[in-house]
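Here are the chains, one letter per residue:
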Amino acid sequence: MPVWKVCGGNALEGSAVVQGAKNAVLPILAASIVGGGVSCLDNCPKLLDVDASLEILHYLGCSVMQNRGKILIDSGGMSRNHIPHALMMKMRSSVMFMGAILARCGEVRLSAPGGCELGSRPIDLHLKALHELGAEIEESGGEVCCRASKLKGTHINLDFPSVGATENVMLAACAAEGTTVLTNAAREPEIVDLQNFLNAKGAKIHGAGTAEIHITGFSPRSVTEHAVLPDRIAAATYLCAAASAGGDVRLERVVPAHLNTVTDVLRSMGCEVAEGEREVRLRRSGRLNAARPVVTKPYPGFPTDAQALLMSACLKAGGTSVFVENIFENRFRHVSELRRLGADIRVEGRVAMVSGVAKLTGAPVSACDLRGGAALVIAGLAAENVTEVIDTGHVERGYERFAQTLSALGADVQRCEATSDTE
Ligand code: EPZ
């Protein structure tokens, strides 16, 4: 069990290359089974969630190879259409295999993905949409089973622009007869990356990135190559770390437009942010101002995944920063841990008010979820003495070489294994 040991006080200097996007590679790995064939992926991050997806692909009968940032999947030998509880438990977002297996096999059975640290994480929108495509849905014994002798294209309107539901519709609709029009679709850049991958595989999809996506059939190609887009949340993480610690950091292999909402707030706090075609540079000296109100929304609004990260950068800012979390019902679990470092934060329902303090003092804290764990490390960079972030495996689900990246920028961060006195 990792413990992130942070000795605060160092400013960050230098440059770092940002990893491939976790939330793009995961649906693309699921999509690799649609239509069979071989998929050659590049710029894939080395993450626990990627490992979990590769384990599922292997269980389904696909052959998978991974070498540094490249992953090769041959889904020709796929022989199963169900995912057992033990594998679903490892990563709830494996629910995106549902649409892919349904498209490939006409039937899918998986252990119902439970909630997680962020909340109940229902999949009602996924199931409603797949039913509208012609699938019969059965939920019993903790399992969800979808079967369809024939999927038929139709107009599906999502009650909420769910990222996962959008992805599951795109995947299942590849096997549907006729055209599927999906409205109120999620508009995240990762949806566009999934569209690009599926089209490279022989699908005919357009509109991703807007609220209306059209999916018309599939003419499978035997080999597909695709490079995964850069991770905008990992980029936001390292920018917030530089804002928190102070210094001058340049991130390479990013898409600046994908993190506009985060960089706009950092500028409003007094950071200098310069953008190149594929890079972002942040400089911060002197005390930060409080952030203007941060309200999380579906893309292109402020990303919920960056809420905790930015909150940590605000802890010593002059004034009060207000955060409103609209996407998940339980995404302030990092607050109680930040208070242990001396942060002054009040929470009322979905609203958190952060009053800047003069000093933070290191202490042992616990990571409650992926982004909350990263936020605790960011706070530790600005705290005196040592902060130990005790982690049960959250951070490495989503960050590749996390300690190495921060250390290369001058942070004093070490990944240690928990010993009995830290458990
Ligand atoms: C994706 O989760 C991301 N995960 C999340 O990133 C991200 O926070 C989220 O989108 C929002 O941007 C991956 O892409 C693997 P949603 P997803 O369906 O698809 C409710 C991270 O830290 N909802 O858009 O599960 C749901 O409960 C992770 O990288 C329903 O009610 O998100 C939530 O409140 C965390 N019914 C809201 O919608 C449904 O059927 C947004 O969920 C589906 C969702």
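Okay, so let's go over this structure. Given the structure is predicted, the values throughout are model-derived calculations rather than measurements.

How each quantity is defined
- Residues numbered from 1 in each chain as written.
- Predicted model: local features only at pLDDT ≥ 70, side-chain atom pairs only at ≥ 80, totals over all residues.
- Heavy atoms only, no water.
- Helix = DSSP H or I, 4+ residues; strand = E, 2+ residues; numbered from the N terminus.
- Rg over C-alpha atoms; globule rule 2.2 N^0.38 Å.
- Buried < 20%, exposed > 50% of the residue type's maximum accessible area, 1.4 Å probe, protein only.
- Contact = heavy atoms within 4.5 Å.
- Areas by Shrake-Rupley, 256 points an atom, 1.4 Å probe, with all protein chains shown as cover.
- Salt bridge = Lys/Arg side-chain N within 4 Å of Asp/Glu carboxyl O.
- Near = heavy atom within 4 Å.
- Polar contact = N/O pair within 3.5 Å; in protein donor to acceptor, adjacent residues only side chain to side chain.
- Nonpolar A, V, L, I, M, F, W, Y, C, P; charged D, E, K, R; others polar.
- 1 Å grid on protein atoms, 1.4 Å probe; cavity = no way out; pocket = protein on both sides within 12 Å on 5 of 7 lines; lining within 4 Å.
- Points joined across faces, edges and corners; volume = space filled by probe spheres on them.
- Expected span 1.5 Å × (residues − 1).
- Lys, Arg positive; Asp, Glu negative; His and termini not counted.

1. So, the overall build of the protein
Then, number 1: In terms of helices and strands, the protein carries 14 helices and 24 strands.
Then, number 2: Its C-alpha atoms give the protein a radius of gyration of 21 Å, within 12% of the compact-globule value 22 Å for 423 residues.
Then, number 3: By residue count, 57% of the 423 residues in the protein fall in the buried class.
Then, number 4: Looking at the protein alone, contacts between residues at least 24 apart form 72% of all its contacts between residues at least 6 apart.
Then, number 5: As displayed, the protein offers around 15800 Å² of accessible surface, 49% of which is attributable to carbon and sulfur atoms.

2. Things to note about the pattern of salt bridges
Then, number 1: Under the criterion given, the structure shown has 22 salt bridges.
Then, number 2: Among the salt bridges present, the one from Lys70 reaches Asp42, with a minimum N-O distance of 3.0 Å. In this pair, Lys70 sits in strand S5 (residues 70–74) while Asp42 sits in strand S3 (residues 38–42), placing the two residues 28 residues apart along the sequence.
Then, number 3: With its nearest N and O atoms 3.2 Å apart, the salt bridge here joins Arg109 to Glu143. Remark: Glu143 occurs in strand S9 (residues 143–147) and Arg109 occurs in strand S7 (residues 107–111); sequence separation between them is 34 residues.

3. Notes on the site of the ligand
Then, number 1: Surrounding the ligand, one finds 23 residues, the nearest of these being Asp124, Leu125, Ser162, Asp305 and Ile327.
Then, number 2: In the environment of the ligand, an oxygen atom lies 3.0 Å from a nitrogen or oxygen atom belonging to the side chain of Lys22.
Then, number 3: Asp305 has a polar side-chain atom sitting 2.6 Å from an oxygen atom of the ligand.
Then, number 4: Within the complex, 87% of the 830 Å² of free accessible area of the ligand lies under protein.
Then, number 5: Looking at the shell around the ligand, the elements with two or more residues in it are helix H1 (22–31), helix H5 (124–132), helix H6 (163–173) and helix H12 (370–381).
Then, number 6: Partitioning the shell around the ligand into residue classes produces 9 nonpolar, 6 polar and 8 charged.

4. Here's the deal with the layout of surface pockets
Then, number 1: As a volume, the second largest pocket reaches approximately 340 Å³.
Then, number 2: Surrounding the second largest pocket, 20 residues form its lining, Val17, Val18, Gln19, Glu400 and Arg401 being those nearest its centre.
Then, number 3: Of the residues belonging to the lining of the second largest pocket, the class tally is 8 nonpolar, 7 polar and 5 charged.

5. Considering unusual backbone geometry
Then, number 1: The step from Tyr299 to Pro300 runs through a cis peptide bond, and the omega angle for that step is 10°.
Then, number 2: By the element assignment, Pro300 lies in the loop between strand S18 (294–295) and helix H10 (307–313).
Then, number 3: With a phi angle near 55°, Asn184 is a residue other than glycine that sits in the positive phi range.
Then, number 4: Residue position: Asn184 is located in the loop between strand S11 (179–183) and helix H7 (189–200).
Then, number 5: On the basis of relative accessibility, which here comes to 27%, the residue Asn184 falls in the partly exposed class.
Then, number 6: Residues other than glycine seldom take positive phi values, yet Arg253 does so here, at roughly 60°.
Then, number 7: As for its placement among the helices and strands, Arg253 is situated in the loop between strand S15 (247–252) and helix H9 (260–268).

6. Considering empty space enclosed by the protein
Then, number 1: Counted by the stated rule, this structure contains 1 cavity of 30 Å³ or more.
Then, number 2: Every residue lining the largest cavity is listed: Leu125, Lys128, Ala129, Glu132, Ile156, Asn157, Leu158 and Asp159.
Then, number 3: Elements that contribute at least two residues to the lining of the largest cavity include exactly H5 and strand S10 (155–157).
Then, number 4: Here the lining of the largest cavity takes 4 residues from H5, the largest share from any one element.
Then, number 5: Partitioned by chemical class, the residues of the lining of the largest cavity number 4 nonpolar, 1 polar and 3 charged.

7. Some details on helix H2 (residues 48–60)
Then, number 1: Its 13 residues place the ends of H2 19 Å apart at the C-alpha level, agreeing with the 18 Å of an ideal helix rising 1.5 Å per residue.
Then, number 2: For H2, the set of buried residues is Asp49, Val50, Ala52, Ser53, Leu54, Ile56, Leu57 and Leu60.
Then, number 3: Trailing H2 by a residue or two, Gly61 shows a phi angle of about 110°, which is positive.

8. Points about the side chain of Arg371
Then, number 1: Within the element layout of this structure, Arg371 appears in helix H12.
Then, number 2: No salt bridge forms around the buried Arg371; measuring N to O, its nearest opposite-charge neighbour Asp305 is 4.5 Å away.
Then, number 3: When residues no more than four places from it in sequence are discounted, the contact partners of Arg371 are Lys22, Asn23, Ile233, Asp305, Ala308, Leu309, Arg331 and Tyr399.

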